[in-house]
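Take a look at the letters that make up each chain.
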Amino acid sequence: MKQIYIYGFSGHGQVVADVARSVGYDEIVFLDDASELKFSPDLPKFDIFIAIGNCKIRQMLQEKVRSAGFNVVNLIHPSAVISSSVKLGRGIAIMPNAVINANALICDGVILNSGSVTEHDCVVGEFAHICPKVALAGNVKVGKRAWIGIGSCVIQGKSIGDDTLIGAGSVIVKDIASNAKAYGNPCKVVSQI
């Protein structure tokens, strides 16, 4: 019996559980701070995955469970297409039909959601959230804890800073600084976070 803890019981947790089942986990145990079954360092040391969409909370919880000795795993749907030259960190969710091409670097805690495309030589920083149908052209840099909204696209060679929020359907044609809220076509910064 192959067991895993899924830390988070929201919709994202349900999708992550489907991915876990698709890669051979027989028993899913949900942990949630708002339910009866909460995380404890004293739990049996099964594999664990943090299924929280919020980037900062996901980072904090992943550090917490790793320091308690749990094995944080990657969950990669079998339909994902990943080049053999891609480098992956820990605690990464790669959802159905995601594509990651040559020499990309996907850092710890990243979510690459359904149907997203991460082209060659991209770097996706720790705990970033790449929403469904996002397209990152070649050599794009996405900062730590950045959130790229559903259906957005980034042209080649552009950078998005740490802790930046990009709204749904945006077209990024120039660099976006850290701690910005930006959206539109073309994408423009509307405020600082």
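Position numbers for residues start from 1 in each chain and track the written sequence from start to end. Selection of residues for local features in this predicted model requires a pLDDT of at least 70, selection of side-chain atom pairs for listing and counting requires 80 or more, and totals for whole chains, interfaces and linings are taken over all residues. Side-chain figures throughout are based on the complete set of non-hydrogen atoms in the structure, without hydrogens or water.

Participant: Run through the UniProt feature "domain: PglD N-terminal" (unreviewed entry) in the protein chain, naming residues and quoting values.
Facilitator: UniProt positions are given in the numbering used here, feature names are shortened, and annotations may be inferred rather than shown by experiment. Here, UniProt's "domain: PglD N-terminal" (unreviewed entry) annotation points to residues 3-65. Measuring from the first to the last C-alpha atom of residues 3-65 gives 16 Å, for a span that is 37% helix and 22% strand. Numbering of helices and strands runs from the N terminus; a helix is a DSSP stretch of H or I covering at least four residues, while a strand is a stretch of E covering at least two.

Participant: Before we move on, could you go through the pairing of strand 23 (residues 188-192) and cite the residues and values that matter?
Facilitator: Here, strands pair whenever DSSP counts at least two bridges between them. As judged from the 4 bridges shared by strand 22 (residues 180-183) and strand 23, these two strands associate in the antiparallel manner. Note that in strand 23 the partner of Ala180 across the bridge is Gln192. Two successive antiparallel strands, strand 22 and strand 23, enclose a turn made up of 4 residues, where Gly184 displays a positive phi of approximately 110 degrees.

Participant: Tell me about the side chain of His77, and please be specific about residues and values.
Facilitator: Checked against the element boundaries, His77 lands in the loop between strand 5 (75-76) and strand 6 (81-82). Among the polar contacts listed, one links the side chain of His77 to the side chain of Ser79, at a separation of 2.8 Å. Here a polar contact is recorded for every N or O atom pair within 3.5 Å, except that within protein the pair must consist of a potential hydrogen donor and a potential acceptor, and residues adjacent in sequence are included only if both atoms are side-chain atoms.

Participant: Can you break down the sheet that holds strand 1 (residues 3-7) residue by residue, with the values?
Facilitator: Within the open sheet, the 4 strands sit side by side as 2-1-3-4. Their pairing is parallel. Of all strands in the sheet, those with a lone pairing partner are strand 2 (27-31) and strand 4 (71-72), marking the two edges. Alignment of strand 3 (residues 47-50) against strand 4, held across 2 bridges, turns out to be parallel. Directly across from Asp47, in strand 4, lies its bridge partner Asn71. In what follows, residue pairs with any heavy atoms lying within 4.5 Å of each other are defined as contacts. An axis is simply a line fitted to the C-alpha atoms; with a helix, the fit covers only the stretch in contact. Between two such axes, the angle follows the N-to-C directions and lies from 0 to 180 degrees. Against the sheet, helix 2 (residues 55-67) makes contact with strand 1, strand 3 and strand 4, and its axis sits at roughly 165 degrees relative to strand 3, the strand it touches most.

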